[in-house]
Amino acid sequence: MGNVLTDEKIPNNVNLSGDKRLQRALEEWQPHFIDWWKQMGPLGWQERDIYLRTAVSVETDGWAHFDHVKMPDYRWGIFLEPKKEGRTHGFGDFYGQPVWDEVPGEFRNLMKRLIVTQGDTEPASVEQQRDLGATAPSLYDLRNLFQVNVEEGRHLWAMVYLLHTYFGRDGREEAEELLARRSGDADKPRILGAFNEPTSHWLSFYMFTMFTDRDGKYQLSALAESGFDPLARTCRFMLTEEAHHMFVGESGVQRVLKRSCELMKETDGDPRSAGGIDLATVQKYANLWFTLSLDLFGGEVSSNAADAFAAGIKGRYKEDRYDEHKLVGSHFAMDVLEGGKVVHKDVPMRNALNEVLRTEYIKDCQRGVDRWNKTIKDEGIDFEIKLPSHKFHRQIGMWAGSYFTPAGEQLDAATYAARRGEWLPSEADEVYIKSLMKPVYERGKMANWVAPPLRGINGLPEDFEYVRL
Ligand SMILES: [Fe+2]
Ligand SMILES: [Fe+2]
């Protein structure tokens, strides 16, 4: 009673009003989602008007609508890229055969696990970021935080749509579980490690959106190749929104670096003395979030990755770029750990696919870091941010349990423990960064530790009232 989901309330291109079964399932789930949002979403800002982008169609021009809206009234919609008639499997054992519109029984569990794992990251990040509104460096940043949050909420809707539509009762149960797990909770944690780490200040938020949302881009891209067509089409549309999240991260860190350089010049090289962040500390947070994000790609040699590729469920990043799409008999040359030593070796390609995707991801991160370094150089400062080795500080996969420097040299546990503070944020760094986090809610004003953005949102000036107080 009372909760009728119309196309007006839930913008969609899945014929929601004509699909009674989906409508009933979502009408049951939606109030639980809103309860979760009010309990675990942005703390203290639910009744404010925020200048937000809402997805309203899948047209390239005008897919989004911008307006002030209270977050609980945000119109979380369901959008899939339009179906391409005659699409065929682009990789794996079913290469060249027509794609599936339903889930084949034999791959049901594998598919469900991938969708649930992806879906779990979406509400997790909202939970991780829920306190950040209290310390926003500007209204511009505050609005960007909430934009990312509501879109992660919409990504959850996207995955729940798939669970409700294609997985029957198990799907509905999984959709409830997605609202029951909690980031960082000892008893009911989120599924993946990086999504249980606290994002306790804005430097970590920028690093998270730079590195962890970029993992999202690569996972979604691999699923966007899927031979299960509704999954592919859902993920393609999600990627449209993901670009903004990575922009928030990359430009956020860039602004921190710019300000740090300015303060270095004003203070003879000690930005902390003027309430800024020194470049060495920015490097440590990059080391931390980059390596936590590397873990999200899974084990270096993985039979799960091989199975998902064989089944046509999860492909490579931009599968089109490759000539060969079955990967039987081919190999990938990569570093592996054998008897405690690093050796370079050929691994059967299907088993190496997590590493293949991780390698593409690292290249993409490097392009962003190059842009950061250009900012530092333009400021006339001699310093470069460096991405650490993929072997450094790993908790998942074959490098976990061994110790490496950021440069990739192996070392013993005791030396690593003694030097850890040079490479990763210490307790003292964390305390210092948190001490800088004082909110700035005046229009057009910016906290001292970060430079203003180059331009405002949606062509608006920087001093626009992005959040109404
Ligand atoms: Fe997302
Ligand atoms: Fe995202």
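First things first, this report covers the structure right here in the doc. Here the structure is a predicted model, which means the values were calculated and not measured. (Residues numbered from 1 in each chain as written. Chains lettered and ligands numbered in written order. Predicted model: local features only at pLDDT ≥ 70, side-chain atom pairs only at ≥ 80, totals over all residues. Heavy atoms only, no water.)

1. Looking at the packing of helix H1 (residues 20-40) against helix H4 (residues 168-180)
To describe two helices that pack against each other, one gives the angle between their axes and the distance between the axes.
Part 1: Put simply, H1 and H4 touch, their axes get as near as 10 Å, and they point 10° apart. One element, H1, and the other, H4, form an angle in the roughly parallel class. Of H4, the residues touching H1 (which contributes Ala 25, Trp 29, His 32, Phe 33 and Trp 36) are Arg 172, Ala 175, Glu 176 and Leu 179.
Part 2: Class assignment of the residues belonging to the contact of H1 with H4 gives a composition of 6 nonpolar, 1 polar and 2 charged. (Axes fitted to C-alpha atoms, helices over the stretch in contact; angles between N-to-C directions. Helix = DSSP H or I, 4+ residues; strand = E, 2+ residues; numbered from the N terminus. Parallel < 35°, antiparallel > 145°, perpendicular 65-115°, else oblique. Contact = heavy atoms within 4.5 Å. Nonpolar A, V, L, I, M, F, W, Y, C, P; charged D, E, K, R; others polar.)

2. A look at the coordination of the iron ion (ligand 1)
Part 1: With distances of 2.0 to 2.2 Å, the protein atoms coordinating the iron ion (ligand 1) are Glu 122 (OE), Glu 152 (OE) and His 155 (ND1).
Part 2: Along the chain, the residues that donate to the iron ion (ligand 1) are spaced as E-x29-E-x2-H.
Part 3: Between the iron ion (ligand 1) and the iron ion (ligand 2), a separation of 3.5 Å is found, and both are coordinated by Glu 152. Of the two residues, Glu 122 sits in helix H2 (residues 108-128) while His 155 sits in helix H3 (residues 139-166), which places them 33 residues apart along the sequence. (Donors = N, O, S within 2.8 Å, 3.2 Å for Na, K, Ca; no water.)

3. Quick look at empty space enclosed by the protein
Part 1: This model, assessed by the stated rule, comprises 1 cavity of 30 Å³ or more.
Part 2: Taken as a whole, the largest cavity spans an internal volume of roughly 50 Å³.
Part 3: In this structure, the largest cavity is lined by Glu 81, Pro 82, Lys 83, Lys 84, Arg 87, Asp 229, Ala 232, Arg 233 and Arg 236.
Part 4: A per-class count over the lining of the largest cavity returns 2 nonpolar, no polar and 7 charged. (1 Å grid on protein atoms, 1.4 Å probe; cavity = no way out; pocket = protein on both sides within 12 Å on 5 of 7 lines; lining within 4 Å. Points joined across faces, edges and corners; volume = space filled by probe spheres on them.)

4. What to know about the pairing of strand E1 (residues 49-55)
Part 1: Within E1, 6 of the 7 residues are buried, which leaves the element mostly enclosed by the surrounding structure.
Part 2: Where E1 meets strand E2 (residues 64-70), 7 bridges bridge the pair, whose relative direction is antiparallel. The residue bridging Thr 54 from the neighbouring strand is His 65, located in E2.
Part 3: Inspection of the sheet shows E1 paired to strand E5 (residues 467-468) by 2 bridges, in the antiparallel sense. Its bridge partner lying in E5, Asp 49 is registered against Arg 468. (Buried < 20%, exposed > 50% of the residue type's maximum accessible area, 1.4 Å probe, protein only. Pairing = 2+ DSSP bridges.)

5. Quick look at the packing of helix H6 (residues 229-267) against helix H9 (residues 353-378)
Part 1: For the pair H6 and H9, the least separation of the axes is 9 Å and the interaxial angle reads 25°. Judged by the angle between their axes, H6 and H9 are roughly parallel. Of the two possible hands of crossing, H6 and H9 adopt the one that is right-handed. Taking contact as the criterion, the partners of Glu 250, Val 253, Gln 254, Leu 257, Lys 258 and Cys 261 in H6 are, on H9, Gly 368, Arg 371, Trp 372, Thr 375 and Ile 376.
Part 2: Across the contact of H6 with H9, the residue classes break down as 5 nonpolar, 3 polar and 3 charged. (Left-handed = near helix turned anticlockwise from the far one by under 90°.)

6. Let's talk about the coordination of the iron ion (ligand 2)
Part 1: Protein coordination of the iron ion (ligand 2) is provided by Glu 152 (OE), Asp 213 (OD), Glu 242 (OE) and His 245 (ND1), with donor distances spanning 1.9 to 2.2 Å.
Part 2: Classification of the site at the iron ion (ligand 2) rests on its 4 donor atoms, whose angles at the metal span 89 to 175°, yielding the label irregular.
Part 3: For the iron ion (ligand 2), the single-chain donor residues occur in sequence as E-x60-D-x28-E-x2-H. (Tetrahedral: all angles 85-135°; square planar, octahedral: opposite > 155°, others 65-115°.)

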